[in-house]
Amino acid sequence: MDKDKKSLLNRFTRVAPAATTKSNTITYAILIAAFLIIQIMLSTGNISSLWKGLLVPLCIYAILAVSLNLTVGILGELSLGHAGFMCVGAFAGAFFSLYFEKMIPYAWLRFPLALIVGGLVSALFGAFIGVTVLRLRGDYLAIVTLAFGEIVKNIVNILYIGRDSAGLHFSTESKIALNLKEGGEVLVNGAQGISGTPKDSNFYIAIFLVLVTVIVSLNLIQSRTGRAIMAIRDNRIAAESIGINITRYKLIAFVISSFFAGVAGVLYAHNLSTLTATPKNFGYNMSIIILVFVVLGGIGSIRGSIIAAVILTALPEALRQLNDYRMLIYAVVLILMMLLTSDPRIAAFRAKYSPKRLWAARKTGKENL
Amino acid sequence: MGLLDFLTYVVTGISLGSIYAIIALGYTMVYGIAKMLNFAHGDIIMVGGYASFIATSNLGLPSYLSILISMAVCTLLGVMIERFAYRPLRKAAPLAVLITAIGVSYLLQNVALLIFGASPKSYTSMVTLPTQSFADGELTITGTTIVTIAVSVVIMIGLTIFIKKSKSGRAMLAVSEDKGAAQLMGVNVNRTIALTFAIGSALAAIAGILLCSAFPTLTPYTGAMPGIKAFVAAVFGGIGSIPGAMIGGIVLGIIENLSKAYISSQMSDAIVFSVLILVLLFKPTGILGKKITEKV
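A. Just the sheet that holds strand E1 (residues 160–164) of chain A, in detail. Residue and element names in this part refer to chain A. The antiparallel open sheet is built from three strands, whose spatial order is E2-E1-E3. Whereas interior strands pair on both sides, the edge strands pair on one side only; in this sheet they are strand E2 (167–171) and strand E3 (185–189). Between one strand and the next, the sheet's axes are offset by a mean angle of 20°, whatever the strand orientation.

B. Main features of the interface of chain A and chain B. Contacts between chain A and chain B engage 31 residues on the former and 31 residues on the latter. Elements represented by at least two residues in the side of chain A that touches chain B include exactly helix H5 (107–133), helix H6 (140–157), helix H12 (284–297) and helix H14 (326–342) of chain A. Top element by residues in the side of chain A that touches chain B is H6(A). It accounts for 10 residues. Looking at the side of chain A that touches chain B residue by residue, the classes come out as 23 nonpolar, four polar and four charged.

C. Layout of the pairing of E1(A). Residues and elements named next belong to chain A. Of the strand pairs in this sheet, E1 and E2 are connected by five bridges, and their pairing is antiparallel. If you follow Ile161 over to E2, its bridge partner there is Phe170. Between the end of E1 and the start of E2, which pair antiparallel, lie two residues. By the bridge criterion, four bridges tie E1 to E3 in an arrangement that is antiparallel.

D. Inspection of unusual backbone geometry at higher detail. Residue and element names in this part refer to chain B. Positive phi, normally seen in glycine, also occurs at Lys35, with a value near 55°. Of note, Lys35 is situated in the loop between helix H1 (3–34) and helix H2 (41–58). By the C-beta count within 10 Å, which is 15 here, Lys35 ends up partly exposed.

Conventions adopted
- Residues numbered from 1 in each chain as written.
- Chains lettered and ligands numbered in written order.
- Predicted model: local features only at pLDDT ≥ 70, side-chain atom pairs only at ≥ 80, totals over all residues.
- Pairing = 2+ DSSP bridges.
- Helix = DSSP H or I, 4+ residues; strand = E, 2+ residues; numbered from the N terminus.
- Axes fitted to C-alpha atoms, helices over the stretch in contact; angles between N-to-C directions.
- Contact = placed C-beta atoms within 7 Å.
- Nonpolar A, V, L, I, M, F, W, Y, C, P; charged D, E, K, R; others polar.
- Buried ≥ 20, exposed ≤ 12 C-beta atoms within 10 Å, placed from the backbone.

Put into structure tokens, the structure is as follows:
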């Protein structure tokens, strides 16, 4: 193969199989190392209660960021309702746990089932939105998911579900309108949400789920399906012309993304005693924060999403005095990241001074590689 | 509930819809010309509201001056946003532009939050026209409703004449049709896009004042929801089409008001967005939208 052909080939297979395996190994190694360090700190008691309480949320944010990255980075569409999917999953999972608390007394069986139920319900909503919107071109997904997030929150806040000997009762009015018989209990109590969810989440399950999310995401990206999805992202018309079913592959990515958002929600619900839907936990702000994780970590980089999620969740705890400006800083981060990464001058600068290139240049002793 | 009640709801719906229509005009013009969804448009409404609030309540200026100040502030803001946030990204991927727009919208909300705080300000209505009664006092329509409808009609007619007759307006049409060809014909594309943002933002200021006159509480999030609903209206009418934005806005306002009155006030937002879902399912190009065939 002559030199020209080789360089052309290299340009099109920028992520060579060997390189991705290496990159994936690094991602897994970071996860395992982080787990080991925290495990050692936990067993030697070298961790404050504040940080101990942050461990599960950190994992939840990592799952959310990785799953949103599937939509934003791999599919190339913007979702602004990730917190809405999380909300759906949280309520479905918490409702499941509460409903079956007496029937399945074992947490080791009930909690995995709750995770699956929460994920599936969220995926179902994802499929519904995806079928409507993903077949269209344009920025419709962003606005529809944004609206979805807000509506889910509003509906959950007026939803009442109770149970008595006659079965389940639903209402959107009030507790009294449920007409429960004696001995009945209210499971979902409108704006007061769900209380008394068994506290099944813990750090080990959470980090295991992060690992599962990462394994699924990385394998998806490298699979035939993942390559098809990325082909659609890069050139829809070319992908269509080689026979890729656009809507189907887009839907796969979006449904997997919403499934894991639901799983993160279930984890969230079982980490608290009372689950309510407020603007703070499931609102627009939350969706934006997850987006900031993805953008700052690098769109399309699974490892970057996790690192950004951990740093940006841990940092505000460490720097409490900046709390008022936190959202403002996030907004500036979004704008600047986009302006800087799109600027050709910056791209040229990065290509010229990238550590990898400098390292390679030093090894071969050549200035112009 | 009789026919007159129904009629009242429809009229207030038309008034609410006129506000949506004015906002939707900004969305649809920018979308038609810059091919981008300007998420910050809803928040410019909020800035317009605050600007006129300060001019009247803090500086004690008369209402016509306050309206002018508010329009000037919004126009300047819109042009600056276009210059510093969107123009550098003109050749970038749509995702990058969209994320920047979200960033700008979020920035405006949070700057307003820092300056004015989260507690709502009570806005004094700019409209001094008293409530009118018709049909022996059975049908009452507030002054704000009448003024809103009148203002929106004037804006629609003015904008249509401007685009059809003036040189800059025709330049806007040309740029939305084909940017490259327009440039070859001597149209200054950057200036035309900036002009579009300026007009859209000035309209947003008027929409903000009308919105705050009708619903007199002003918070940093005032513009967000009407902004999204106006987008729904723009899609409903066919995005990129100016008469479509008017029709879409008014129909959406009537739907929202009737569902508030007859179904449930908490569900009205959900109903408005189901309209969007239905439109996207059955006629994604909207009522008056053109079907664009893609050339490879």
